[in-house]
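Working through the structure, step by step
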Amino acid sequence: LRGGQAQRDIPFAQPGSLTQVFAVASGKGGVGKSSLTVNLALAMAAEGRAVGIVDADIYGHSVPAMLGVADARPTQVEDLIMPVPTASGVSVISIGMLKPRRDQVVAWRGPMLDRALVQMLADVYWGDLDVLLLDLPPGTGDVAISLGQHLPGAQVLVVTTPQEAAAEVAERAGTMASMMHQRVVGVVENMSYLTCPHCGPSHQIEIFGAGGGERVASTLASRFGYDVPLLARIPFEPSLREGGDAGKPVVEADPTNPAAVALREVATRL
Ligand code: ADP
Ligand code: MG
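Residues numbered from 1 in each chain as written. Chains lettered and ligands numbered in written order. Predicted model: local features only at pLDDT ≥ 70, side-chain atom pairs only at ≥ 80, totals over all residues. Heavy atoms only, no water.

Observations concerning the sheet that holds strand β12 (residues 230-234)
The 8 strands are arranged β5-β6-β2-β7-β1-β8-β9-β12 in an open sheet whose pairing can be described as mixed. Bordering the open sheet on either side are β5 (84-85) and β12, each of which pairs with just one other strand. Contacting β8 (155-160) and β9 (183-190), helix α6 (residues 164-179) crosses the sheet at an angle of about 170° to β8. (Pairing = 2+ DSSP bridges. Helix = DSSP H or I, 4+ residues; strand = E, 2+ residues; numbered from the N terminus. Contact = heavy atoms within 4.5 Å. Axes fitted to C-alpha atoms, helices over the stretch in contact; angles between N-to-C directions.)

If you want it as structure tokens, here you go:
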């Protein structure tokens, strides 16, 4: 990235753009935004949609590793950056791929974050995407504000765990989206329960409590005056973490896994 101004307009912000844009947001980190983003992308691609991902978690970028393309480098054609294609045909761009060295730390203040975000949207050759997914950093900081300014037409998917503390901050992230005139398309509750491996599939252990997803969905719906559905409750599944760590997300690595089934179901609803 040049650190300068973008060379072109953001295609997804043009009137008549046919690309659905979904920003995956949450109040706190570690709730599964990136895992959800990569799995939804692969599930949508498997439905035949052309999918791109912008890893907008500039400091905490993790999408390339989860997709097994951490060492890939985007090529440049004239002044356009070509996104990195995964084996499944999802196009990805991340600051992690644009840094000279993988271990380099990004230490930027707000204006640089904004420029980086705009360049990943405008100076990357995305082609005709059906869907663009943005993996946001947690919270209501610079990136969320920038995104709201540059892509007011983006729809926001709010991720929470069942935990009260996560739900409360997730509501703030959702409210922020609405302040930026973005529509909250739904809530996904992740790490909802663990199926006890010794006691059969009907025995669910609620590790992080219960009710967070329903709480966020109903609070946002009453605040905004439109329906905000709870799209899924995704179980805690070791396969999901293993898939992310191995660079092969669970929807592909273990497609019959209950988390994979739930994630594909969300993809069909978006
Ligand atoms: P975020 O992007 O919100 O910070 P991540 O997607 O990086 O969250 O998830 C945090 C950690 O939790 C990762 O190690 C991930 O593999 C793991 N994880 C996420 N969702 C699940 C789940 N449903 N079951 C098991 N592990 C999960
Ligand atoms: Mg993340």
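Considerations on the site of ligand 1
Lining the immediate surroundings of ligand 1 are 15 residues, of which Gly 30, Lys 33, Ser 34, Ser 35 and Asn 190 lie closest. Contacts to ligand 1 include Val 31, whose backbone N or O atom sits 3.2 Å from an oxygen atom. Here Lys 33 contributes a side-chain N or O atom positioned 2.8 Å from an oxygen atom of ligand 1. Notes on ligand 1: free accessible area 560 Å², of which the protein chains cover 82%. When residues of the shell around ligand 1 are traced back to their parent elements, those giving at least two are α1 (33-46) and α8 (238-246). Broken down by element, the shell around ligand 1 gets its largest block of residues, 3 residues, from α1. Split by residue class, the shell around ligand 1 holds 6 nonpolar, 6 polar and 3 charged. (Near = heavy atom within 4 Å. Polar contact = N/O pair within 3.5 Å; in protein donor to acceptor, adjacent residues only side chain to side chain. Areas by Shrake-Rupley, 256 points an atom, 1.4 Å probe, with all protein chains shown as cover. Nonpolar A, V, L, I, M, F, W, Y, C, P; charged D, E, K, R; others polar.)

What to know about the packing of aromatic side chains
Counted according to the given criterion, the structure contains 2 aromatic pairs. Between Phe 224 and Tyr 226, the ring centres sit 5.5 Å apart and the planes meet at 35°, which makes this aromatic pair tilted. Taking the relative accessible area as the measure of exposure, Phe 224 reaches 17% and is therefore buried. Between the NZ or CZ atom of Arg 183 and the centre of the ring of Tyr 226, over which it lies, the distance is 4.0 Å. (Phe/Tyr/Trp six-rings, centres within 6.5 Å; stacked < 30°, edge-to-face > 60°. Buried < 20%, exposed > 50% of the residue type's maximum accessible area, 1.4 Å probe, protein only. Lys NZ or Arg CZ within 6 Å of the ring centre and 35° of its normal.)

Quick word on the nonpolar core
Among the nonpolar cores identified, the biggest contains 42 residues, and Phe 12, Val 54, Leu 121, Leu 132, Leu 134 and Leu 151 are the most heavily contacted of them. Once residues within four sequence positions are removed from consideration, Leu 121 is found in contact with Ile 10, Pro 11, Phe 12, Val 54, Trp 126, Leu 132, Leu 134 and Leu 151. Counting residues in hydrophobic clusters, the runner-up holds 40 residues, among them Met 66, Leu 67, Val 159 and Ala 267. (Core = buried A, V, L, I, M, F, W, Y, C linked by side-chain atoms within 4.5 Å.)

Quick look at the pairing of β8
Among the 6 residues that make up β8, 6 are buried, leaving the element largely enclosed by the rest of the structure. By the alternation rule, side chains of β8 split into Gln 155, Leu 157 and Val 159 and Val 156, Val 158 and Thr 160, which are all buried. Pairing between strand β1 (residues 20-25) and β8: 4 bridges, direction parallel. Across the sheet, the residue bridging to Val 24 is Leu 157, located in β8. Relative to β9, β8 runs parallel, the two being bridged by 6 bridges. Bridging from a neighbouring strand, Thr 160 pairs with Glu 189 of β9. Handedness of the β-α-β unit built from β8, α6 and β9 comes out right-handed. (Right-handed = clockwise from strand over helix to strand, strands pointing away.)

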